[in-house]
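Architecture at a glance
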Amino acid sequence: MAHIAWKKKVLSKLAEKGALGKESADYIHANNVRMHFKKYSKSTGARWFLFRQISLNKLYYSPEGDVNDPRILSLLVHEVHHLKQGVITALSVYGELDAWQVEFRFYKEIRPERLHPALEELLSLPLNFDRDNLHRAAKLMQDYSGKGYHINWLPIYPLHKEVGYWFTKRQPK
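Residues numbered from 1 in each chain as written. Predicted model: local features only at pLDDT ≥ 70, side-chain atom pairs only at ≥ 80, totals over all residues. Heavy atoms only, no water.

What to know about a nonpolar patch on the surface
Where nonpolar side chains cluster on the molecular surface, the patch consists of L50, F51, V87, I88, L91, L159, W166 and F167 and spans about 880 Å² of accessible area. Residue assignment for the nonpolar patch shows that the elements contributing at least two residues are α4 (87-90) and α8 (159-168). Per-element accounting of the nonpolar patch gives the leading share, 3 residues, to α8. If you trace the backbone, L159 turns up in helix α8. (Patch = residues over 30% accessible without salt bridge, like charges linked within 9 Å, V, L, I, M, F, W, Y side chains within 5 Å. Areas by Shrake-Rupley, 256 points an atom, 1.4 Å probe, with all protein chains shown as cover. Salt bridge = Lys/Arg side-chain N within 4 Å of Asp/Glu carboxyl O. Helix = DSSP H or I, 4+ residues; strand = E, 2+ residues; numbered from the N terminus.)

Observations concerning helix α3 (residues 70-85)
Taking 1.5 Å as the rise per residue, α3 with 16 residues should run 22 Å; its terminal C-alpha atoms sit 22 Å apart, in good agreement. The element α3 is extensively covered by neighbouring structure, given that 14 of its 16 residues are classed as buried. Between a side-chain oxygen at the N-terminus of α3 and the backbone nitrogen of R71 the separation is 2.9 Å; the capping residue is D69. G86 sits one or two positions beyond α3 and adopts a positive phi of about 90°. (Expected span 1.5 Å × (residues − 1). Buried < 20%, exposed > 50% of the residue type's maximum accessible area, 1.4 Å probe, protein only. Polar contact = N/O pair within 3.5 Å; in protein donor to acceptor, adjacent residues only side chain to side chain.)

Quick notes on the pairing of strand β3 (residues 53-57)
Taking burial as the measure, the 5 residues of β3 include 5 buried ones, the bulk of the element. Direction of pairing for strand β1 (residues 34-38) relative to β3: parallel, over a ladder of 5 bridges. By the bridge assignment for β3, H36 is matched with S55. Of the strand pairs in this sheet, strand β2 (residues 46-49) and β3 are connected by 4 bridges, and their pairing is antiparallel. Looking at β3, one finds that R47 is bridged to S55. Between β2 and β3, which pair antiparallel and follow one another directly, the connecting turn spans 3 residues, one of which, F51, has a positive phi of 65°. (Pairing = 2+ DSSP bridges.)

And the structure:
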């Protein structure tokens, strides 16, 4: 029961945080996204799962936690963004760069402050299919999250574009 009350409160707070917060809260409501807490490694804040689920790391968050915490609100925006991207894009460095940029731009909207240098640089990168750019993004993500963040397990591009690159060695458009 605590989870249900917490979800209602956190989504209400998220909806108050501008257009992107409202859009994310509305998406969770409209798609009946389930939310729960589970213990993960220190490098993980939250995870999305197929079939509309978001899991927050028990190491950092709980139903008794502060629903005004900009970190939890921005993480929800990040995970909703992945759900919207779809599995193929979300499971790529390109998809992660997109979601990280959405997350931390939102974070800076609700708490305007200088972020960790790796995050500030990540926000300055273009979202494109340049492999050097995406390798740089992956390094910055790992610099920020630690070696336990296995961005290196993902293809650089969404899988269908990655396979195309393997055959042609041409950057997707």
